[in-house]
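Architecture and fold: a report
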Amino acid sequence: MPAWDRAEFEAQLRARGAGYHIHHPFNTRMNSGLLGPEQIRGWVANRFYYQVNIPRKDAAILANCPDRATRRLWVRRILDHDGGEDNEGGIEAWLRLGAAVGLAADDLWSHRHVIPGVRFAVDAYVNFARQVPWQEAVCSSLTEMFAPRIHKDRLANWPLHYGWIDADGLQYFRSRIALAERDVEHGLRVTLDHFTTRAQQERALEILQFKLDILWAMLDAIDRAYP
Ligand SMILES: O=C(O)c1cc(C(=O)O)c2c(n1)C(=O)C(=O)c1cc(C(=O)O)[nH]c1-2
């Protein structure tokens, strides 16, 4: 099989968006205003486990990457979540989302609401990044290609459907749009440069599918735990 050219390879990656968790029934119900406060709280508390593990995942990629130029760009992702000098960071913003839906900081930090399926899925993502070549872990972050749409949907629909949630709590979603676009630009460049034979390109699609499955499995578990 001949390799795809860059444009076709990128199109193949983007086509996997059909399996993004934006299409999961739980997300569809969330976006249509059909969830109650307990279900929203369950989602926010469980997703916090993802949020706090993203910078650990990114640190694993840094640890495996011998290329200084890549590390310079990648290290920003850790500070995006953990915060830095004049940036509170995404984890702090997620805590404010928690407060807006009625969850105390300790409800989130204690992980007492985290259900097994979410824990296993998130841990699988971090372990993957620890164990594979760094370019493969970079490729697995490319679900972020599809994330700006999901954040924009929440910003548009939550204020309409969930008047009980203080709109200040939605800042996390607002902040992620530009960051996701920046991250994808870099992640896509690494992926298009690294996976060059057709077999490698097929491997990249499998990796992206693995990550899509992690996000999907999280919502399957959440959907079942908060019927
Ligand atoms: O709300 C979402 O649906 C969603 C999805 C994803 C994703 O596609 O992995 C990320 C985020 N949010 C997000 O906020 C985020 O910071 C993030 C980092 C990453 C990653 O894989 O490195 N994905 C995502």
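Residues numbered from 1 in each chain as written. Predicted model: local features only at pLDDT ≥ 70, side-chain atom pairs only at ≥ 80, totals over all residues. Heavy atoms only, no water.

The chain appears in an unreviewed UniProt entry as Pyrroloquinoline-quinone synthase from Pseudoduganella flava. The heading Function (unreviewed entry) in the UniProt record of the chain holds the text "Ring cyclization and eight-electron oxidation of 3a-(2-amino-2-carboxyethyl)-4,5-dioxo-4,5,6,7,8,9-hexahydroquinoline-7,9-dicarboxylic-acid to PQQ." Within the UniProt record for the chain, the comment given under Pathway (unreviewed entry) is "Cofactor biosynthesis; pyrroloquinoline quinone biosynthesis." (UniProt positions renumbered as here; feature names shortened; annotations may be inferred.)

Before going further, it helps to examine the state of the cysteines. Inspection of the entire model under this criterion finds 0 disulfides. Cysteine Cys-65 remains unbridged, with the sulfur of Cys-139 as its closest cysteine sulfur at 15 Å. Given the relative accessible area of 0%, Cys-139 is considered buried. (Disulfide = S-S within 2.5 Å. Buried < 20%, exposed > 50% of the residue type's maximum accessible area, 1.4 Å probe, protein only.)

Next up on the list: the packing of aromatic side chains. Two aromatic rings, taken as a pair, are described by how far apart their centres are and by the angle between their planes. In total, this model carries 13 aromatic pairs according to the counting rule given. Summarising the aromatic geometry, the rings of Trp-43 and Trp-158 are spaced 5.8 Å apart at their centres and angled 65 degrees between planes, so their arrangement reads as edge-to-face. Note that Trp-43 is positioned in helix α3 (residues 37–64) and Trp-158 in helix α9 (residues 147–161), a separation of 115 residues in sequence. Taking relative accessible area as the criterion, Trp-43 reaches 2% and is therefore assigned buried. With centroids separated by 5.0 Å and ring planes inclined at 85 degrees, the aromatic side chains of Phe-48 and Trp-109 adopt a geometry described as edge-to-face. Here Trp-109 lies in helix α6 (residues 105–109) and Phe-48 lies in helix α3, a separation of 61 residues in the sequence. Here the aromatic cluster, defined as three or more aromatic residues joined through ring pairs, consists of Trp-43, Trp-94, Trp-158, Tyr-162, Trp-164, Tyr-172 and Phe-173. It is Arg-119 that lies over the ring of Tyr-49; its NZ or CZ is 5.2 Å from the centre. (Phe/Tyr/Trp six-rings, centres within 6.5 Å; stacked < 30°, edge-to-face > 60°. Helix = DSSP H or I, 4+ residues; strand = E, 2+ residues; numbered from the N terminus. Lys NZ or Arg CZ within 6 Å of the ring centre and 35° of its normal.)

So, on to the UniProt feature "domain: Thiaminase-2/PQQC" (unreviewed entry) in the chain. With numbering matched to this structure, UniProt assigns "domain: Thiaminase-2/PQQC" (unreviewed entry) to residues 12–220. This span, residues 12–220, is 75% helix and 0% strand, and a straight line between its end C-alpha atoms measures 25 Å.

Our next topic: the nonpolar core. Judged by nonpolar contacts, the single largest core of 75 residues is most densely connected at Leu-13, Ile-40, Trp-43, Trp-94, Trp-158 and Phe-173. Setting aside its immediate chain neighbours within four residues, Trp-43 contacts Phe-26, Met-30, Trp-94, Arg-154, Trp-158, Phe-173, Leu-219 and Ile-222. (Core = buried A, V, L, I, M, F, W, Y, C linked by side-chain atoms within 4.5 Å. Contact = heavy atoms within 4.5 Å.)

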